[in-house]
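Results of the structural survey
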Amino acid sequence: MKIKELLAKDRVSLSFEVFPPKKIDSFATVQRASFAIAQLKPSFMSVTFGAAGTTAGFTMELAESLQKEQNVTVLPHLTCVSSNKDQVLKMLEGYKKAGIENIMALRGDMPLGEKPQTDFAHASDLIRFIKERSDICIGGACYPEGHPESRNKKEDILHLKEKVDAGCDFLTTQMFFDNNIFYNFLYKARDVGIHVPILAGIMPITSPKQLGRSVALSGTNVPERFKAIVDCFADSPEALKQAGIIYASQQIVDLIANGVKYIHVYSMNKPDVAKGIMDNLSEML
């Protein structure tokens, strides 16, 4: 199913993201974890694309196996910093043969110390290229707190509008820990004419290391009350995991209560975390 059709239904959508392994030795382990998450019956599952395309083959293999063996709608990622036009066309053909109807078109992280060889300068270029050659449903990324490389939030919103105008069917936000940031972003996006569905990206934090890494990569603001939770339970992994699941669940409950129907959870390949959230929301989905 195309995700834009799934999102058009009048119901709450809860999806999970997984990432493929970097080496073949880990593929079976990652696949088992992904299958366990798929058995929770999420609305769909996204499969990431490693930096500089390092997991391209595994992304396709994992996405295909999830859809074929677990009967779940999938959203494989594709980045433009590591892809030329021929590679994109080849991947689109592969997904078409596999019956996959969705793709997440991203710029991707710039490789350190080298200039990427690409036919696409921006994600909007990749989206436009795909849209002109395929009827595949296209997702894009957005940043409630502004892209780290944008000069300001106004400029970032205008660049986001370019993605939508290029053919993006829906958007998924970077993680955020303060729902007011998302609500403010949603208002600004609608104000400039962005009317495609916007999925709220939620990441359950289950370790201090994970929080530090996530903030370093995204620059996401961390509310003081969440810092206090992490500090309090830092020495008790199971307690912090439980607290992280509860905090993420509370974010989602607040989003649903305020009319946000599209939730995307960065599950970090952890079936127990995905299940914890799904259990907490069982009567709301």
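Before reading on, note that the structure itself is shown above.
A brief look at the structure comes next. Predicted, not measured: the structure shown is a model, and the values here were computed from it.

1. Overview of the packing of helix α2 (residues 27-38) against helix α3 (residues 56-70)
The interhelical angle for the contact between α2 and α3, taken along N-to-C directions, is 40 degrees, at an axis separation of 11 Å. One way to sum up the angle between α2 and α3 is to call them oblique. Where α2 crosses over α3, the handedness of that crossing is right-handed. Within the contact between the two elements, α2 uses Phe27, Val30, Gln31, Ser34, Phe35 and Ala38 and α3 uses Phe58, Glu61, Leu62, Ser65, Leu66, Glu69 and Gln70. Split by residue class, the contact of α2 with α3 holds 7 nonpolar, 4 polar and 2 charged.

2. Comments concerning the side chain of Lys163
Here Lys163 is to be found in helix α6 (residues 153-166). Buried charge without a salt bridge: Lys163, with Asp156 as the nearest opposite-charge side chain at an N-O distance of 7.1 Å. At 2.7 Å, the side chain of Lys163 and the backbone oxygen of Ala141 are in polar contact. With residues near it in sequence (within four places) discarded, Lys163 still touches Ala123, Ser124, Ile127, Ala141 and Cys168.

3. Some points on the sheet that holds strand β6 (residues 170-173)
Ordered in space as β1-β2-β3-β4-β5-β6-β7-β8, the 8 strands form a closed barrel in which the pairing is parallel. On average, each strand axis in the sheet is tilted by 30 degrees relative to the strand beside it, whichever way the strands run. Bridge count for strand β1 (residues 13-18) against strand β8 (residues 262-266) is 5 bridges, and the pairing is parallel. Looking at β8, one finds that Glu17 is bridged to Tyr266. Most of the contacts of helix α10 (residues 237-257) go to strand β7 (residues 198-202), to which it runs at about 160 degrees, and overall it touches β7 and β8.

4. Let's talk about the packing of aromatic side chains
Counted under the stated rule, the structure contains 6 aromatic pairs. Centre to centre, the rings of Phe176 and Phe182 are 5.2 Å apart; their planes meet at 10 degrees, and the pair counts as stacked. Summarising the burial analysis for this pair, Phe176 and Phe182 share the class buried. With centroids separated by 5.3 Å and ring planes inclined at 20 degrees, the aromatic side chains of Phe177 and Phe226 adopt a geometry described as stacked. One end of the pair, Phe177, is in the loop between β6 and α7 (179-191); the other, Phe226, is in helix α9 (residues 224-233), with 49 residues separating them in the sequence.

Conventions used here
- Residues numbered from 1 in each chain as written.
- Predicted model: local features only at pLDDT ≥ 70, side-chain atom pairs only at ≥ 80, totals over all residues.
- Heavy atoms only, no water.
- Axes fitted to C-alpha atoms, helices over the stretch in contact; angles between N-to-C directions.
- Helix = DSSP H or I, 4+ residues; strand = E, 2+ residues; numbered from the N terminus.
- Parallel < 35°, antiparallel > 145°, perpendicular 65-115°, else oblique.
- Left-handed = near helix turned anticlockwise from the far one by under 90°.
- Contact = heavy atoms within 4.5 Å.
- Nonpolar A, V, L, I, M, F, W, Y, C, P; charged D, E, K, R; others polar.
- Buried < 20%, exposed > 50% of the residue type's maximum accessible area, 1.4 Å probe, protein only.
- Lys, Arg positive; Asp, Glu negative; His and termini not counted.
- Salt bridge = Lys/Arg side-chain N within 4 Å of Asp/Glu carboxyl O.
- Polar contact = N/O pair within 3.5 Å; in protein donor to acceptor, adjacent residues only side chain to side chain.
- Pairing = 2+ DSSP bridges.
- Phe/Tyr/Trp six-rings, centres within 6.5 Å; stacked < 30°, edge-to-face > 60°.

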